[in-house]
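Residue-level listing of the chains:
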Amino acid sequence: MRILSKSTVRATAIALAFFSVACARLAPWRKEPVGEEVNFAFTLQGNLIALETLRIDDRTGKFLLGSAAPRTVVDPRFTLSQGDRHALQFGEKQTVRLYPSSQDLHGVADAIIGVEAWQNRAISIDYRSGLVTYQKGGIRPGLMDLYPYQVEPRINVLVDGRTVAAIVDTTSPDTLVLPGPTRERRSARITIGGTDFGTIDVQYAPVTEARVGNRLLSRFLVTIDYGQKVVGLWRDPRIPL
């Protein structure tokens with residue numbers, strides 16, 4: 001076994017200390033208060049956020065995160081308990097009320113978890129770690145770019161030099177969907193929060209508002225504070241463009 005010298009051990013310890021400090025300064029979620037948040041895992045399936053560790057009325061299923069869906073939608077094939085009041089369970093003891101509507105999701109998922117699940121709280125989506133964090137204390141901006149909104153959560157996107165307010169839509173697996181008379185794909189120069197993605201493929205469709213999807217959102221740590229009505233983006237340098 002090779003024995004390290006005292007100077008090597010000391011240098012290694014100093015390097016690790018500097019690395020820890022650098023990470024603490026870099027990450028916008030540093031110094032989070034204990035007990036103020038709940039983390040739950042997700043996987044990207046078809047480039048959609050699948051929250052498979054959650055339960056509705058104590059039943060598991062494939063539940064997608066709908067960041068801009070005002071209300072939870074449940075497929076009629078996923079049988080709910082009797083009555084109008086339903087519960088979303090996550091973590092060991094965390095439960096929130098749901099008031100879902102019924103809609104055929106065509107086998108894509110059992111449910112889409114909407115905004116009413118988070119009420120006036122915040123959620124953060126860490127695509128790199130595969131974690132959604134339910135934050136009772138609201139947004140902690142850190143080094144984030146902040147985007148206030150009125151109705152649906154949205155951010156500003158530069159499209160060929162023109163600013164477009166785009167809804168943050170985690171039920172979209174695409175890059176960006178822009179209003180257009182017909183459904184077609186084109187190339188556009190896209191910049192979000194100071195990050196220039198260059199010329200990429202986007203979709204035009206007969207929609208009323210632009211929507212940014214997971215192919216672009218996944219380059220960021222995304223926080224949506226539904227109480228304060230603000231979206232925060234932090235460009236994670238560990239994720240390549």
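Residues numbered from 1 in each chain as written. Predicted model: local features only at pLDDT ≥ 70, side-chain atom pairs only at ≥ 80, totals over all residues. Heavy atoms only, no water.

(A) Region of the structure containing the sheet that holds strand S14 (residues 145-148). Across the sheet, six strands lie side by side as S1-S13-S12-S21-S22-S14; this open sheet has antiparallel pairing. This sheet does not close on itself; its edge strands, each paired only once, are strand S1 (37-41) and S14. Ignoring strand direction, the axes of neighbouring strands in this sheet form an average angle of 15°. Relative to strand S22 (residues 230-235), strand S21 (residues 220-225) runs antiparallel, the two sharing six bridges. Counterpart to Val222 in the pairing with S22 is Leu233. (Pairing = 2+ DSSP bridges. Helix = DSSP H or I, 4+ residues; strand = E, 2+ residues; numbered from the N terminus. Axes fitted to C-alpha atoms, helices over the stretch in contact; angles between N-to-C directions.)

(B) Representation of the sheet that holds strand S15 (residues 154-159). Spatially, S15-S16-S20-S17-S19-S18 is the arrangement adopted by the six strands of the closed barrel, whose pairing is mixed. With strand direction ignored, the average angle separating the axes of adjacent strands in the sheet is 45°. Both strand S16 (residues 162-168) and strand S20 (residues 210-212) contribute to a ladder of three bridges, which runs parallel. Its bridge partner lying in S20, Val168 is registered against Val212.

(C) Quick look at the packing of aromatic side chains. In this structure the tally under the stated criterion is eight aromatic pairs. Consider the rings of Phe40 and Trp118, whose centres lie 6.1 Å apart with planes at 15°: the pair is stacked. Pair noted here: Phe40 is in strand S1 and Trp118 is in the loop between strand S11 (111-113) and strand S12 (122-126), with a separation of 78 residues, a long-range link. Here the aromatic rings of Phe63 and Phe78 are separated by 5.6 Å at their centres, their planes lie at 90°, and the arrangement is edge-to-face. Taken together, the positions of Phe63 in strand S6 (residues 63-65) and Phe78 in the loop between strand S7 (73-74) and strand S8 (86-90) put the pair 15 residues apart, joining distant regions of the chain. Among the residues examined, Phe78 registers a relative accessible area of 4% and is labelled buried. Members of the aromatic cluster, connected to one another through ring pairs, are Phe40, Phe90, Trp118 and Tyr134. Its end group placed over the ring of Phe78, Arg59 keeps NZ or CZ at 4.1 Å from the ring centre. (Phe/Tyr/Trp six-rings, centres within 6.5 Å; stacked < 30°, edge-to-face > 60°. Buried < 20%, exposed > 50% of the residue type's maximum accessible area, 1.4 Å probe, protein only. Lys NZ or Arg CZ within 6 Å of the ring centre and 35° of its normal.)

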